[in-house]
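Notes for the structure review
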Amino acid sequence: MNEPLRVAVVGSGPAGFYAAGALLAGGAEVDMLERLPTPWGLVRLGVAPDHPKIKSVSRAFEKIAAQDGFRFLGNIEVGRDVRHDELLDLYDAVVYAVGAQTDRRMGIPGEDLPGSWPATEFVAWYNGHPDFQHLHFDLSGKRAVVIGNGNVAVDVARMLALTKEELDPTDTTDPAIDAIANCGIEEIVMVGRRGPAQAAFTTPELIELGELAGADVVVEAAELEGAEPRGTNSERNLEVLREYARREPTGKPRRIVLRFFRSPTAILGDDRVTGIQLVRNVLDEDERAVPTGETETLDCSVVFRSVGYRGVALPGVPFDESRGTIPNEGGRVGDRVYVAGWIKRGPSGVIGTNKKDATETVELLLADASAGLLSPRGPAGDITELLAERDLTCVSYEGWEAIDAVETARGEPQGRPRVKLCTWDELLAAAAGERV
Ligand code: NAP
């Protein structure tokens, strides 16, 4: 009998787990390398904490992790601890499912002023990502502006508007709950560069904005005039937006204001954000936003730029700078190198999109293997030997289960799904079975 195929999957988010599931089903052995001590990627650290149902997809990943032939190697960063060429020596194939780890830039003056934040950092902070806990978000001003019309922008606007009662039962970090519940923000303005019909957010997320305990949602009817739906989501969004436009504010302490046809041209302030300049846009025949030259200034103390994520290059692996992805055909990058998820197709789609995406990649990989197209791997033995030689601390799946047990035990008395460990020290200590 042939030896099973040995595959390294780099990254433990949805794309990595769906790839692992398909590989195991195809008879391969999978080592999943993850730079954090914890798995699930954006399911743990991106999905908003008030969306526990979406987070519960991790149950499906747990089942994959429990299968024979699967190993989790946490706290191991490819490019730092292990090189790409070393993985090619150790494995028959490598699947990169590393996601899109940074934010897209807008390229406008003031983008880097204190108080102008990429949404990605705010999201990582309130979700307890250990690399982002030192950040201090000054939410003392009255108005926050969120740039972008995607679901991440909606998440950020909604999180800023949640009350203490809405946040308390979630696994939002305690400092984030304190900061949001006690902030000075009265108005959150979400700004879309195109029209309401072109907005990328999905209808269930839009509906949630109208159901918040502590915030009214405000839409100007004039900005909806003449909007023509662009498909089912757009049609349903427009219906909801029209209903919002008919609402009278009920005097809740905060307001979420949805504005359309406006692009930021500058973030204003001398040593920190004091405002934002917006230009009114019209749409050309291809529905691109074209500035009219008519500008307005909004006072605000904090800006969240939620204009999309972007992939980061890995040493020794090809990278398309313009798209922020690893160039590939159907998931194949080159001999024995494959990709899945956002690093393959760009930061689009919902969690489930990654199942089809990863399956496509793995089918190609397995077909390449059956056809004898994979060049032989190098002579190296097991990765654990190399990790031991380098004295690296690797968090196993049992280590993650120990972290999980500590977190859920901390959450239980408070009626929360978990209280996350948010520092590297705490995470690594819990994984090693030590007292935290
Ligand atoms: P997204 O859906 O691609 O939205 C990005 C937004 O930024 C778009 O409105 C885009 O406008 C705008 N934008 C881009 N460049 C801009 C610029 N220079 N100036 C002004 N606006 C600009 O991305 P995302 O919100 O980061 O979400 C990523 C993916 O995760 C999406 O597929 C999303 O659906 C998914 N997600 C899902 C959920 C959920 O299901 N609850 C939650 C979070 C994220 P244009 O359309 O004009 O380009």
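Just so it is clear, the structure is predicted and the values come from calculations on it, not from any experiment.

Here Thr-361 is to be found in helix α13 (residues 353-370). In contact with Thr-361, other than residues within four places in its own chain, are Val-95, Gly-330, Gly-331, Tyr-338, Val-339, Ala-340 and Lys-344.

Let us now look at the sheet that holds strand β17 (residues 337-339). Spatially, six strands are ordered β3-β2-β1-β4-β17-β16 in an open sheet, and the strand pairing comes out mixed. Of all strands in the sheet, those bounded by a partner on one side alone are β3 (70-74) and β16 (332-334). When strand polarity is set aside, the average angle formed by the axes of neighbouring strands in this sheet is 25°. Most of the contacts of α13 go to β17, to which it runs at about 160°, and overall it touches β1 (6-10), β4 (93-96), β16 and β17.

In terms of domain boundaries, the protein breaks down into domain 1 (6-101 + 311-394) and domain 2 (106-307). Distance from the C-alpha centre of domain 1 to the C-alpha centre of domain 2: 33 Å. Opposite the eleven residues of domain 1 that make contact, domain 2 presents 16 residues. Together, the buried faces of domain 1 and domain 2 total about 1,100 Å²; carbon and sulfur atoms form 53% of this surface. Viewed at the interface, domain 2 and domain 1 are joined by two salt bridges. Between domain 1 and domain 2 we count eight residue pairs in polar contact (both at pLDDT 80 or more) in total. Considering only residue class, the side of domain 1 that touches domain 2 consists of five nonpolar, two polar and four charged.

Next up on the list: the packing of aromatic side chains. Under the defined criterion, the tally for this structure stands at 15 aromatic pairs. Ring geometry for Trp-40 and Trp-400: centres 5.8 Å apart, planes at 85°, overall edge-to-face. Of this pair, Trp-40 sits in the loop between β2 (29-34) and α2 (42-45) while Trp-400 sits in helix α15 (residues 397-411); the two residues are 360 residues apart in sequence, bridging distant segments of the chain. In this structure an aromatic cluster arises from ring pairing among Phe-17, Tyr-18, Trp-40, Phe-61, Phe-70 and Trp-400. One residue, Arg-6, lies across the ring of Tyr-91, its end atom 6.0 Å from the ring centre.

Taken together, 22 residues form the shell around the ligand, and within it Asn-149, Arg-193, Arg-194, Glu-205 and Gly-349 come nearest. Between the ligand and Asn-149, the relevant distance is 3.0 Å, taken from an oxygen atom to a main-chain nitrogen or oxygen of the residue. Between the ligand and the protein, one listed contact pairs an oxygen atom with a side-chain N or O atom of Arg-193 at 2.7 Å. With three residues, helix α7 (residues 151-161) is the single largest residue contributor to the shell around the ligand. Residue classes in the shell around the ligand are distributed as nine nonpolar, eight polar and five charged. When residues of the shell around the ligand are assigned to domains, at least three map to each of domain 1 (6-101 + 311-394) and domain 2 (106-307).

Parameters and conventions
Residues numbered from 1 in each chain as written. Predicted model: local features only at pLDDT ≥ 70, side-chain atom pairs only at ≥ 80, totals over all residues. Heavy atoms only, no water. Helix = DSSP H or I, 4+ residues; strand = E, 2+ residues; numbered from the N terminus. Contact = heavy atoms within 4.5 Å. Pairing = 2+ DSSP bridges. Axes fitted to C-alpha atoms, helices over the stretch in contact; angles between N-to-C directions. Domains from an automatic or database assignment. Buried area = accessible area lost by both parts, 1.4 Å probe. Salt bridge = Lys/Arg side-chain N within 4 Å of Asp/Glu carboxyl O. Polar contact = N/O pair within 3.5 Å; in protein donor to acceptor, adjacent residues only side chain to side chain. Nonpolar A, V, L, I, M, F, W, Y, C, P; charged D, E, K, R; others polar. Phe/Tyr/Trp six-rings, centres within 6.5 Å; stacked < 30°, edge-to-face > 60°. Lys NZ or Arg CZ within 6 Å of the ring centre and 35° of its normal. Near = heavy atom within 4 Å.

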